[in-house]
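A closer look at the structure
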Amino acid sequence: MTTMTFDLIGAGRLGKTLGKALIENNLLEIRSICNATLASSQAARKELGKGKPIASLTELEPADLVWITVPDNLIANVARILAEKRSLKDGTIVVHCSGVLDSSVLEPLAQLGCHTASLHPLKAFAKTQYDPHAFYECYCTIEGAPHAISTLLSLFKKLGAALIPIQAEKKACYHAAAIIASNFLVTLAATSTQLLTKTGIEISLAKALTQQLMQSSLDNIVHKNTIEDALTGPFSRGDSSTIKQHIEGIN
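Conventions and cut-offs
Residues numbered from 1 in each chain as written. Predicted model: local features only at pLDDT ≥ 70, side-chain atom pairs only at ≥ 80, totals over all residues. Heavy atoms only, no water. Helix = DSSP H or I, 4+ residues; strand = E, 2+ residues; numbered from the N terminus. Buried < 20%, exposed > 50% of the residue type's maximum accessible area, 1.4 Å probe, protein only. Areas by Shrake-Rupley, 256 points an atom, 1.4 Å probe, with all protein chains shown as cover. Pairing = 2+ DSSP bridges. Right-handed = clockwise from strand over helix to strand, strands pointing away. Salt bridge = Lys/Arg side-chain N within 4 Å of Asp/Glu carboxyl O. Core = buried A, V, L, I, M, F, W, Y, C linked by side-chain atoms within 4.5 Å. Axes fitted to C-alpha atoms, helices over the stretch in contact; angles between N-to-C directions. Parallel < 35°, antiparallel > 145°, perpendicular 65-115°, else oblique. Left-handed = near helix turned anticlockwise from the far one by under 90°. Contact = heavy atoms within 4.5 Å. Nonpolar A, V, L, I, M, F, W, Y, C, P; charged D, E, K, R; others polar. Phe/Tyr/Trp six-rings, centres within 6.5 Å; stacked < 30°, edge-to-face > 60°. Polar contact = N/O pair within 3.5 Å; in protein donor to acceptor, adjacent residues only side chain to side chain.

Some thoughts on the overall build of the protein
A count of helical and extended segments in the protein gives 9 helices and 8 strands. In terms of principal-axis extent, the alpha carbons of the protein reach across some 65 × 35 × 35 Å. Counting all 251 residues of the protein, 37% fall into the buried class. Of the roughly 14300 Å² of accessible surface on the protein, a fraction of 57% belongs to carbon and sulfur atoms.

Observations regarding the pairing of strand 4 (residues 65–68)
Across the two faces of strand 4 the burial is the same, with L65 and W67 and V66 and I68 all buried. In this sheet, strand 4 lies alongside strand 1 (residues 5–9) in parallel orientation, the contact comprising 4 bridges. Paired with D7 across the bridge in strand 4 is V66. In terms of strand pairing, strand 4 meets strand 5 (residues 93–96) through 4 bridges, oriented parallel. From the neighbouring strand, L65 faces strand 5, where its bridge partner is I93. Taken together, strand 4, helix 3 (residues 72–85) and strand 5 form a β-α-β motif whose crossover is right-handed.

Here we look at the pattern of salt bridges
Counted by the stated rule, this structure contains 7 salt bridges. Across the pair E47 and K16 runs a salt bridge whose closest N-O atoms are separated by 2.8 Å. With a gap of 31 residues between them, E47 in helix 2 (residues 38–48) and K16 in helix 1 (residues 13–24) connect regions that are remote in the sequence. What makes K16 buried here is its relative accessible area of 11%. In this structure, E24 engages K20 in a salt bridge whose closest nitrogen and oxygen atoms are separated by 3.1 Å.

Remarks on the nonpolar core
Within the largest apolar cluster, 34 residues are counted, with the highest numbers of intra-cluster contacts made by F6, L65, W67, F135, L152 and F156. Counting residues per element, this core draws most heavily on helix 1, at 5 residues. Counting 18 residues, the second largest nonpolar core, distinct from the first, contains I68, V70, I75 and L82.

A short note on the packing of helix 1 against helix 2
For the pair helix 1 and helix 2, the least separation of the axes is 10 Å and the interaxial angle reads 40 degrees. The angle between helix 1 and helix 2 falls in the class oblique. As for how helix 1 packs across helix 2, the hand of that crossing is right-handed. Here K16, G19, K20 and I23 of helix 1 come into contact with helix 2, specifically with A44, E47 and L48. Residue classes in the contact of helix 1 with helix 2 are distributed as 3 nonpolar, 1 polar and 3 charged.

Observations concerning the packing of aromatic side chains
Applying the stated criterion to the full structure yields 2 aromatic pairs. Judged by centre distance (6.1 Å) and plane angle (65 degrees), the ring pair of W67 and F156 falls under edge-to-face. Residue W67 is located in strand 4, and its partner F156 is located in helix 5 (residues 146–158); the two are separated by 89 residues in the primary sequence. By relative accessible area, W67 is classed as buried at 0%. Where F135 meets F156, the ring centres are 5.5 Å apart and the plane angle is 90 degrees; that geometry is what we call edge-to-face. Here F156 lies in helix 5 and F135 lies in the loop between strand 6 (115–121) and strand 7 (139–144), a separation of 21 residues in the sequence. As far as the burial class goes, F135 and F156 line up, both buried. Among the aromatic residues, ring-to-ring pairing joins W67, F135 and F156 into one connected group.

Re the environment of K224
Structurally, K224 is set in the loop between helix 7 (203–223) and helix 8 (234–237). Judged by its relative accessible area of 41%, K224 falls in the partly exposed class. For the pair K224 and D90, spaced 134 residues apart in the sequence, the C-alpha separation amounts to 51 Å. Aside from chain neighbours lying at most four places away, what touches K224 is D229 and A230.

A look at the environment of K123
Relative to the helices and strands, K123 resides in the loop between strand 6 and strand 7. In this structure K123 comes out as partly exposed when scored by relative accessible area, which is 40%. Sequence separation between K123 and R80 is 43 residues; the distance between their C-alpha atoms is 28 Å. Apart from the residues lying within four places of it in its own chain, the contact partners of K123 are A134 and C138. Polar contacts involving the side chain of K123 include one to the main-chain carbonyl oxygen of A134, which spans 2.5 Å.

Okay, structure coming up:
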């Protein structure tokens, strides 16, 4: 049985993690790696261990599946260039990984016979850690053309991921929820740590205290029947006088 091939456009943090997982689990064979510069493409190739580094979409080698993992504001332009240059063979599966954009941004390629989709991993990938098992037990949302979806379902099942269908028009709402759960948590941790250091607590200890409190709250969320049941402290008691003192203390 012939192994499917893929091209990687935008080998950044997510792109390299994705490429590493597909290559090292022997699911797909990589063809081209395209970044903004040849040097960047070569650096990505060194980290992935395979693939042909290129700096122009016109040099893209034909593949069964094309991953577009560039920043959101560049996806439409990449699709336009690929369509104008007719760089892809008929029937190519083209997938972008934006959380907020749906597959309609790839419409120029769909009109040429490509099967388009969007797939977004609901996970914060750490810098420089390109783990081939990064998608194990990772939830991903997916929408797009049926053939693209069925192919991706098969691939990501082998990676141990769980794919969740989502309505294209609901992706902005979904992504807002993801940002609140992920980025807001980091922002709150930073704020809590800063306030603790104002009391004279050393920063490393302040960070540890913040992490411990957040982890206990996350544990409560897991084990309680509802999110509301996980709430503790003055808000859960309606203790307005304590909250007033908090506001005065912060200011």
